[in-house]
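Coordinate analysis (summary)
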Amino acid sequence: MKNQFIKTIVLFAFLSVSLVSCSSESSTDDATSTDEVVTELHAAYAQFNTDATDIYLSNGGTTVTIETTGLPNHETVYWGSSSPLYKDEPDVETTPSLMSSNNNATTITVDATPNLTGSSVSTALNTIGIAVSGASIFNDSEGNGPLSAAAGSLDWTGAHIGPGVYHYHLEPKAFSNDDDNLVGILLDGVFLYGRKCNTTGTYPTDLDTSGGHTTTTQYTNGVKEYHYHIINELYSTTGSYIAFAGPYKGY
Ligand SMILES: [Zn+2]
Ligand SMILES: [Zn+2]
C-alpha cells in the first residue's frame, strides 16, 4: 500500500514536470546554457521599430528577448478612424476589434544563434514571430481552419485583429513589397525576408520547404547565414503571399 502511494507521488511529480516543460516550449525554445553566447545583437535588429520594441540579449547572451507593444508604425483600417494612422479601406470586412480595443503586447525570447540541427517543427496558432514594424506574424491558419476563410478581413498589408493581437498573415506590403527587405524574426531565432534575396537581387531558386536557404544578406557583412524568405507563390484568391507557413528549421 505504501509502495503504491510512493509510486503515485513519483508519477504525479513526473507528469507535473512534463506539463511545465510543454507549456513553456512554444515561445522560449530550449534556452539552455549549451547555446552559443553572443556579445552583441545581430545587425538586423537595428531595423526594428524602436517606438514599439525593446530588444536585448538575455540568458547570459544565449538568447534575445523582444518586447513589443505590438503597435505597428504604418497605416491600417484597424487603427480606427480617430487615429492619425487610420487608413480608409472600404473593401476590408473588418473584425469588431481595433488597435485600441485589444492588448497587442507580446514578448518573445529566441536563440541568439539558431539551432540549425536539421530538425523541423510545425508552426502553431498565435505569434510565430515579430515583424520589424513591431506587430506579430502569424502562420497560414485562422483559428483551426485555413486562412482563406478569413481573408476578407485582411487589410492592405495582409493583417487583421482576431480575438488577440494585430498580426500579419500575408506579405506585409507596408514594409516588404516584392523586395529583399527584412520582414521580422521568428520564434526559432531565424530572420524572415521578403520574396527576393539580397545575394542575387531576385527570387531565390534554392529554398527548402520552409522557404529557407544559406546565403549572405544585407545584414550579415558578407557571411552566409541561414534565413527564410516569403515564398513567391500566390495564396488562394488573396493576390498575395503567405508570410511564413513553416516548418521552423531553427529549433
Ligand atoms: Zn489571423
Ligand atoms: Zn536569401
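Above this note sits the structure.
The sections below set out a description of the structure shown in this document. For clarity, every value in this text was computed on a predicted model and none was experimentally measured.

**Details of the overall build of the protein chain**
Secondary structure summary: the protein chain contains two helices and 15 strands in total. For the protein chain, the proportion of its 251 residues judged to be buried stands at 46%. In the protein chain, the share of contacts with a sequence separation of at least 24, taken over all contacts with a separation of at least 6, comes to 58%. When the accessible area of the protein chain is evaluated, it comes to approximately 12,400 Å², of which 55% is carbon and sulfur surface.

**Digging into the side chain of Asn139**
Assignment of secondary structure puts Asn139 in the loop between strand S5 (136-137) and strand S6 (141-142). Within the structure, Asn139 has its side chain in polar contact with the backbone nitrogen of Ser141 (distance 2.9 Å). Other than its neighbours up to four places away in sequence, Asn139 contacts Thr123, Ala124, Leu125, Ile128, His169 and Phe244.

**Side note on the coordination of the zinc ion (ligand 1)**
Looking at the zinc ion (ligand 1), the protein donor atoms are Glu142 (OE), His160 (NE2), His167 (NE2) and His169 (NE2), and they sit 2.0 to 2.1 Å from it. For the zinc ion (ligand 1), the four donor atoms are set out with angles of 90 to 159° between them, so the coordination reads as irregular. Positions of the donor residues of the zinc ion (ligand 1) along the chain correspond to the pattern E-x17-H-x6-H-x1-H. Linking Glu142 in strand S6 with His169 in the loop between strand S9 (166-168) and strand S10 (182-186), this pair joins segments that are 27 residues apart in sequence.

**Brief notes about the sheet that holds strand S3 (residues 106-111)**
One open sheet holds the three strands; their spatial order is S1-S2-S3, and the pairing between them is antiparallel. With one partner strand each, in any of the chains shown, strand S1 (53-58) and S3 form the two edges of the open sheet. The sheet shows a mean angle of 15° between the axes of neighbouring strands, taken without regard to direction. Of the strand pairs in this sheet, strand S2 (residues 63-68) and S3 are connected by six bridges, and their pairing is antiparallel.

**Comments concerning the environment of Gly129**
Counting through the fold element by element, Gly129 comes out in strand S4 (residues 129-131). Looking at Gly129, the relative accessible area reads 0%, which means it is buried. The sequence separation of Gly129 and Gly189 amounts to 60 residues, and the corresponding C-alpha distance is 8.9 Å.

**Considerations on the coordination of the zinc ion (ligand 2)**
Tetrahedral coordination by four donors sets the ideal angle at the metal to 109.5 degrees; octahedral coordination by six donors sets it to 90 or 180 degrees. Looking at the zinc ion (ligand 2), the protein donor atoms are Cys197 (SG), His213 (NE2), His227 (NE2) and His229 (NE2), and they sit 2.0 to 2.2 Å from it. Its four donor atoms give the zinc ion (ligand 2) angles of 101 to 126° at the centre, a pattern that matches the tetrahedral case. The sequence motif formed by the donor residues of the zinc ion (ligand 2) is C-x15-H-x13-H-x1-H. Note that Cys197 is positioned in the loop between strand S11 (191-193) and strand S12 (212-215) and His227 in strand S13 (residues 225-229), a separation of 30 residues in sequence. The class of Cys197 is buried, set by a relative accessible area of 1%.

**Here we look at the environment of Cys197**
In sequence terms Cys197 and His229 are 32 residues apart; their C-alpha atoms lie 7.6 Å from each other. Excluding residues that lie within four positions of it along the chain, Cys197 makes contacts with Asp180, Thr202, Pro204, His213, Thr215, Thr216, His227 and His229.

Thresholds, definitions, all that
Residues numbered from 1 in each chain as written. Chains lettered and ligands numbered in written order. Predicted model: local features only at pLDDT ≥ 70, side-chain atom pairs only at ≥ 80, totals over all residues. Heavy atoms only, no water. Helix = DSSP H or I, 4+ residues; strand = E, 2+ residues; numbered from the N terminus. Buried < 20%, exposed > 50% of the residue type's maximum accessible area, 1.4 Å probe, protein only. Contact = heavy atoms within 4.5 Å. Areas by Shrake-Rupley, 256 points an atom, 1.4 Å probe, with all protein chains shown as cover. Polar contact = N/O pair within 3.5 Å; in protein donor to acceptor, adjacent residues only side chain to side chain. Donors = N, O, S within 2.8 Å, 3.2 Å for Na, K, Ca; no water. Tetrahedral: all angles 85-135°; square planar, octahedral: opposite > 155°, others 65-115°. Pairing = 2+ DSSP bridges. Axes fitted to C-alpha atoms, helices over the stretch in contact; angles between N-to-C directions.

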